[in-house]
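Descriptive structure summary
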Amino acid sequence: MKKIYFIGLCLIGLASCSGTNDDLQNGDQLNPSAMNGDLKQAARGGFRGEGDVDTELPSTGIWLKNSFPNNAIYGFYSDHTKKHLYSPYSRTDMLPRTQPGAYYYYLDRYLGSADGGGAEITGWFNELNEDYVLTTNPSEFNGHNGWRKNNTIGKSYPSDEPGSFPIYRYFRNKTKSHFYTRDFNELGNGKFDFVYEGVAFYLKDNTVATDVRIHDGKTLQDIATGQVYVVFESRLRRFEDPEVAKKLIAMVPIKVNIEDYIGPRGENIDANARLIQDGANGKIYFVDNGLQRYIPSVEVLNSYRFITNSIVKINRLIGFRGKDVTYTF
């Protein structure tokens, strides 16, 4: 019996992926200029239990110790729409939109923190032209055609408060797009078809220490080594071959200092890892360190962003079966 299993594993090892997906989704990739000196990572430390491989699912998961602004305002830009959008969230999937599909926005800048005692800042979205405006004067848009209140961001600072700085507002009629910057020299009194509309409000660089748990399926690339990792079942696992990551998971890795991520390590994902499908019943498996691990639902498949084009159909599966793949967080 062991001989039969061994032959089956060899057959699986010889199988090759039927296709790759080089056009990976870039929704979670940060523009290199997005996090400047005003928003630096402040994490320290390493993995708890470094050197050990857990045999049971960890209960704590993978965490990033960082400093994030309180009531932050982030700016996004799309080369596709030529528009700027703003949000209290750094995630592109939280941006407002009127049409389905990818808009290809990326995180372009951090404006500052709206955690003061001044006028309230709200965000307004135009459902007719997808313009987005930050304002301390809601009557500017309230009840006007196409405009809806999208966010309550926070409160501005008095102009004379130490540490506060102005946010400058511009409008470009050609693209029906507002733009905000903390650097007046960026557009000055207006250029590139942008018209200067004055100081919108004042912000600061306040931050608050926050621990952030990382979801399963997130891919990371260590800046120092170039190694690619994935958070898998609440463990951080390294791909022995970064090219395998491209074939398996539809996500561009975020470049990070991997030592900033604390929590238990799992086994490396070996160079023979792949997705296979049982031709008899259609079940999909993740071949993980020689074990065929059943992916029990479409939700689990999508949560890890497995690339379905890379699935290899095999008419007769023979090999060792492992535990079902689970999505833990």
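Note that the structure is predicted; figures quoted are calculated from it, not measured.

1. Topic: the overall build of the chain
Across its full length, the chain holds 3 helices and 20 strands. Here the chain holds 329 residues, and 45% of them are scored as buried. For the chain, the proportion of contacts with a sequence separation of at least 24, taken over those separated by at least 6, is 70%. Entry remark: accessible area of the chain is about 16,700 Å², with carbon and sulfur atoms responsible for 48%.

2. Side note on the pattern of salt bridges
For side chains of opposite charge, pairing can occur when their charged atoms come near one another. Following the criterion strictly, the structure yields 12 salt bridges and no others. With a closest N to O distance of 2.7 Å, Asp108 and Arg109 form a salt bridge. With relative accessibility at 14%, the residue Asp108 sits in the buried group. Between Glu186 and Arg109 there is a salt bridge whose closest N-O contact spans 2.8 Å. Pair noted here: Glu186 is in the loop between strand E9 (177-181) and strand E10 (195-203) and Arg109 is in strand E4 (residues 105-113), with a separation of 77 residues, a long-range link. For Glu186, a relative accessible area of 30% gives the class partly exposed. Exposure remark for Arg109: the relative accessible area of 18% places this residue in the buried category. Residues participating in the shared-partner salt-bridge network are Glu233, Arg237, Asp288 and Arg293.

3. Description of the sheet that holds strand E19 (residues 291-294)
Spatial strand order, E19-E18-E17-E20: 4 strands in an open sheet with mixed pairing. In this open sheet, the two strands that pair with only one neighbour each are E19 and strand E20 (312-314). Here the strands of the sheet are splayed against their neighbours by 40° on average, with no regard to which way each runs.

4. Overview of the pairing of E19
Regular strands place their side chains on alternate faces of the sheet. In this structure, strand E18 (residues 284-288) lies alongside E19, joined through 4 bridges in antiparallel fashion. Its bridge partner lying in E19, Asp288 is registered against Leu291. Here E18 hands over to E19 after 2 residues, with Asn289 in that stretch at a positive phi of 50°.

5. Examining the side chain of Asn151
Examined against the element boundaries, Asn151 turns out to sit in strand E7 (residues 147-155). By relative accessible area, Asn151 is classed as buried at 12%. Side-chain polar atoms of Asn151 contact the side chain of Tyr132, separated by 2.8 Å. A distance of 2.6 Å separates polar atoms of two side chains, one belonging to Asn151 and the other to Asn150.

6. Some remarks on the packing of aromatic side chains
Applying the stated criterion to the full structure yields 18 aromatic pairs. Measuring from centroid to centroid gives 5.6 Å for Phe184 and Tyr196, while their planes differ by 80°, and the two rings are edge-to-face. Residue Phe184 is located in the loop between E9 and E10, and its partner Tyr196 is located in strand E10; the two are separated by 12 residues in the primary sequence. For Tyr196, a relative accessible area of 28% puts it in the partly exposed group. Taken together, Tyr168, Tyr170, Phe179, Phe184, Phe194 and Tyr196 form an aromatic cluster joined through their ring pairs. One Lys or Arg, Lys283, reaches over the ring of Tyr294 and ends 5.2 Å from the middle of that ring.

7. Points about unusual backbone geometry
In this model, Phe192 sits at a positive phi of 55°, which is unusual for a non-glycine residue. Turning to its location among the elements, Phe192 is positioned in the loop between E9 and E10. Phi angles above zero are rare outside glycine, and Asp193 is one such case at about 75°.

8. What about the confidence of the model for the chain?
Averaged over every residue, the pLDDT of the chain is 79; residues scoring 70 or more account for 78%. The secondary structure element of the chain with the lowest average pLDDT is helix H1 (residues 2-14), at 38, and the one with the highest is E10, at 97. Note that pLDDT drops below 50 for residues 1-59; the model gives that stretch 114 contacts with residues more than four away or on any other chain.

9. What to know about the pairing of strand E3 (residues 83-87)
The buried count for E3 comes to 5 of 5 residues, which makes it a mostly enclosed element. Covered by surrounding structure in E3 are Lys83, Leu85 and Ser87 together with His84 and Tyr86, the residues of both alternating faces. Bridging between strand E2 (residues 72-78) and E3 involves 5 bridges; their strand directions are antiparallel. Residue pairing across strands places Tyr74 opposite Ser87, the latter belonging to E3. Here E2 hands over to E3 after 4 residues, with Lys82 in that stretch at a positive phi of 65°.

Criteria and thresholds
Numbers given to residues run from 1 along each chain, matching the order in which its sequence is written. Where totals are concerned, whole chains, interfaces and linings use all residues; where local detail is concerned, this predicted model gives features only for residues with pLDDT of at least 70, and gives and counts side-chain atom pairs only at 80 or more. Heavy atoms from the whole structure form the basis of all side-chain values; hydrogens and water molecules are not counted. In this description a helix means any DSSP run of H or I spanning at least four residues, a strand means any run of E spanning at least two, and both kinds are numbered starting from the N terminus. Exposure is judged per residue with a 1.4 Å probe applied to protein chains only, and the accessible area is read against the type maximum: over 50% gives exposed, under 20% gives buried, and values in between give partly exposed. Any two residues whose heavy atoms approach within 4.5 Å at even a single point are treated as in contact. Areas reported here follow the Shrake-Rupley algorithm with a probe of radius 1.4 Å; residue values treat only the protein chains shown as occluding. When a carboxyl oxygen of Asp or Glu is within 4 Å of a side-chain nitrogen of Lys or Arg, the pair counts as a salt bridge. Strand pairing follows a simple DSSP-based rule, namely that at least 2 bridges must link the two strands. Only the contacting stretch of a helix is used when fitting its axis, a line to C-alpha atoms as for every element, and angles between N-to-C directions run 0 to 180 degrees. Here a polar contact is taken to be a pair of N or O atoms separated by no more than 3.5 Å, where protein atoms must pair a possible hydrogen donor with a possible acceptor and residues adjacent in sequence count only if both atoms sit in side chains. Working definition: rings of Phe, Tyr and Trp (its six-membered ring) pair if their centres are within 6.5 Å, and the pair is stacked with planes under 30 degrees apart, edge-to-face with planes over 60 apart, and tilted otherwise. Any Lys NZ or Arg CZ found within 6 Å of a ring centre and within 35 degrees of that ring's normal is scored as a charge over the ring. By definition, pLDDT measures how confident the predictor is in each residue, and it falls between 0 and 100.

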